[in-house]
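Listed below, chain by chain, are the residues.
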Amino acid sequence: MQVNSEPTTRQSPSRPPRADPLRAKNGAAVVGQHLSAGDAEKAAALRKMKLVALGLLIGMAVIFVFAFALQKEYPWLQYVRAAAEGGMVGALADWFAVTALFKYPMGIKIPHTAIIPRRKDQIGASLGEFVETNFLSEQVVQEKLASVDVARKAGAWLSGPGGAERVAKEGAAVIRGAFKVLNDDDVQAVIESMVRKHLLTPPWGPPVGRLAERIFADGHHHTLVDLLVDRTVDWVRDNHETVSRLVSDRSPQWVPQFVDGLVGDKVYVEILKFTKAVQADPQHQVRQSIDTYLTSLAQDLQHDPVMIARAEGIKAQVLGDPEVRELASRTWGTIKAALLSAVDDPHSELTVKFKAAVHDFGTRLVVDPDLAGKVNAWIGDAAGYLVRTYRSDIAGVITDTVARWDAEETSQKIELQVGKDLQFIRINGTVVGSLAGLAIFSAAHLVFG
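A.B. asks: Could you give an account of the overall build of the protein chain, with specific residues and numbers?
C.D. replies: Per the secondary structure count, the protein chain includes 18 helices and zero strands. The burial tally for the protein chain puts 31% of its 449 residues in the buried class. The long-range share in the protein chain, meaning contacts at least 24 apart out of those at least 6 apart in sequence, stands at 74%. By element, 64% of the accessible surface of the protein chain is carried by carbon and sulfur atoms, the whole surface being about 28,400 Å².

Here is the structure:
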């Protein structure tokens, strides 16, 4: 009888070498062409245990032959023969059982053998269902996260030496990678579309009018009016000749020049007195007229179709297509240059403040139980949502992966992982069979003589 004594990793010289598990099927990717160091160790251990189990079987067979041949001359060898016979039966039975898991014994297609190759897909589906039911349970995940106290551990790491530095370093790498992946034209197009959607498409009149109305109602414009009045007084005081010349240039030619000078001086003095009066009196009629005009303008911007249309015209003139594209380009260029410069410089203000913020957040997670509890609750809820929503997809990875494996290579891979322990079944079967054979023969001999 042929016994499966060779490891599955040995190849026949006449056959081309087989790719190490798992081999590609239907174009699937090959997992590996050579055994890893760990798998090579397991293969050696499996080979050794197979030789041990085979050696015990052969030993029992040799003992049986000698005991059977000499039992008439030495009656006590009957007990040895019975023990060896039972050991051979146990060894062969367990060899059959172990071999039937991974292949057809001696190549004979006996029913209910080669279980793993034949039922590979069902095993994968059962394994995926087991993982989904017992490991990807929302309650199990949330209880595990609650027992770990992720927030405090993360806070201790962030507030410890090197934590914030590491986060800043990885964040800088993410930003640099994102800028390499992003296309400038695409980003500028997005910014331009957002500007058009949120800035240009909505009418400017009503929102500007509402904002102006609040500003005017609170009197915030008075500072600007004061500035304009002060500048007007300064200009009039410093431009006596300009005012006089304006008067003389507009007087009839027949008016004598000295009269123009007198009139110009008089006009200058009155204008200066008037502007100083406006400057000195916060309740001056001119100021009140300005307030009335501005309030009316704010109302017109909100409700007057003509004024709203004029505001839209101004918007179109200020922000046409070229201006919007230029704005988007400048905005993106400025943001990109500023961020790249900041992340490349470990001493930049952005990097320093980011590290400080990360360190401060980590410290708060450690010392503030309320914050830590909120973060733990958020992490638990997020993990629960992910498990609840995608548990079937995650477990499906196991099922789909096993389904893509080649049946024979899957059997070899599993045998490589657990075969050493299974060989102990053969060894135990030999020992137990020997003891059982000896016990049965002894009992029968005792009863029947």
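A.B. asks: Explain the packing of aromatic side chains to me, and be specific about the residues and the numbers.
C.D. replies: Summed over all chains, the structure comprises four aromatic pairs. Aromatic pair Y79 and F441: ring centres 5.2 Å apart, planes at 85 degrees, arrangement edge-to-face. On the criterion of sequence distance, the pair formed by Y79 in helix α2 (residues 77-102) and F441 in helix α18 (residues 407-448) is long-range, its members being 362 residues apart. Given a relative accessible area of 31%, Y79 falls into the partly exposed group. For F441, a relative accessible area of 17% corresponds to the buried category. Summarising the aromatic geometry, the rings of F130 and F135 are spaced 5.8 Å apart at their centres and angled 70 degrees between planes, so their arrangement reads as edge-to-face. With a relative accessible area of 49%, F135 lands in the partly exposed category.

A.B. asks: Break down the side chain of T99 for me, citing the residues and quoting the values.
C.D. replies: As for its position among the elements, T99 is in helix α2. Look at T99 and you get buried, because its relative accessible area is 3%.

A.B. asks: Describe the pattern of salt bridges, with residues and values.
C.D. replies: Counting across every chain of the model gives 13 salt bridges. For E326, the salt bridge is made with R330, and the minimal N-O distance between the two is 3.5 Å. Of this pair, E326 and R330 both sit in helix α15 (residues 321-344), separated by four residues, roughly a single helical turn. On the basis of relative accessibility, which here comes to 40%, the residue E326 falls in the partly exposed class.

A.B. asks: Give me the lowdown on the nonpolar core, citing residues and values where you can.
C.D. replies: Membership of the largest hydrophobic core is limited to nine residues, which are F179, V187, I191, V195, L200, L319, V324, A328 and W332. Ranked by residues supplied to this core, first place goes to helix α8 (residues 184-200) with four residues. Ignoring anything within four residues of it in the chain, the contact list for W332 reads F179, L182, D184, V187, Q188 and I191. Within the second largest apolar cluster, six residues are counted, among which are L136, V141, A383 and V387.

A.B. asks: Describe in detail unusual backbone geometry, supporting the description with residues and values.
C.D. replies: Not every positive phi belongs to a glycine, and D149 is a case in point at roughly 60 degrees. Considering the arrangement of structural elements, one finds D149 in the loop between α5 (138-148) and α6 (150-159). A relative accessible area of 22% places D149 in the partly exposed class.

A.B. asks: How would you sum up helix α7 (residues 163-181)? Please name residues and give values.
C.D. replies: Helix length check: α7, at 19 residues, gives a terminal C-alpha distance of 27 Å against a target of 27 Å (1.5 Å per residue), a fit within 8%. Taken as a whole, α7 has its buried residues at G163, A164, A168, A172 and F179. The arc that holds the buried residues of α7, viewed along the axis, is 165 degrees, so those residues lie on one side. Away from its buried face, by an angle of more than 90 degrees, α7 presents the exposed residues K169, V174, K180 and V181. Its buried side turned inward, α7 meets α6, α15 and α16 (349-367).

A.B. asks: Go over the packing of helix α1 (residues 37-70) against α2 with me, naming the residues and quoting the values.
C.D. replies: Where α1 contacts α2, the two axes come as close as 8 Å, and the packing angle between them is 150 degrees. Of the possible angle classes, the one that applies to α1 and α2 is roughly antiparallel. Where α1 crosses over α2, the handedness of that crossing is left-handed. Here α1 contributes L57, M60, A61, I63, F64, A67, F68 and L70 to the contact with α2, which in turn contributes L77, V80, R81, A83, A84, E85, G87, M88, A91 and L92.

A.B. asks: Please give an account of the side chain of Q423 that cites residues and values.
C.D. replies: Residue position: Q423 is located in helix α18. Residue classification places Q423 among the buried positions, given a relative accessible area of 2%. Discounting chain neighbours no more than four positions away, the residues touching Q423 are L46, M49, K50, A53 and V98.

A.B. asks: An account of the packing of helix α9 (residues 205-218) against helix α13 (residues 285-303) is needed here, citing residue identities and associated values.
C.D. replies: Close contact between α9 and α13 brings their axes to 7 Å; oriented N to C, the two are set at 155 degrees. Taken as axis vectors, α9 and α13 run roughly antiparallel relative to one another. Regarding α9 and α13, the two cross each other, and that crossing is left-handed. On the side of α9, the interface is formed by G205, P206, V208, G209, R210, A212, E213 and F216, while α13 contributes L294, T295, A298, Q299, L301 and Q302. Its residues placed into classes, the contact of α9 with α13 shows seven nonpolar, five polar and two charged.

Conventions used here
Residues numbered from 1 in each chain as written. Predicted model: local features only at pLDDT ≥ 70, side-chain atom pairs only at ≥ 80, totals over all residues. Heavy atoms only, no water. Helix = DSSP H or I, 4+ residues; strand = E, 2+ residues; numbered from the N terminus. Buried < 20%, exposed > 50% of the residue type's maximum accessible area, 1.4 Å probe, protein only. Contact = heavy atoms within 4.5 Å. Areas by Shrake-Rupley, 256 points an atom, 1.4 Å probe, with all protein chains shown as cover. Phe/Tyr/Trp six-rings, centres within 6.5 Å; stacked < 30°, edge-to-face > 60°. Salt bridge = Lys/Arg side-chain N within 4 Å of Asp/Glu carboxyl O. Core = buried A, V, L, I, M, F, W, Y, C linked by side-chain atoms within 4.5 Å. Expected span 1.5 Å × (residues − 1). Arc of directions from axis to C-beta. Axes fitted to C-alpha atoms, helices over the stretch in contact; angles between N-to-C directions. Parallel < 35°, antiparallel > 145°, perpendicular 65-115°, else oblique. Left-handed = near helix turned anticlockwise from the far one by under 90°. Nonpolar A, V, L, I, M, F, W, Y, C, P; charged D, E, K, R; others polar.

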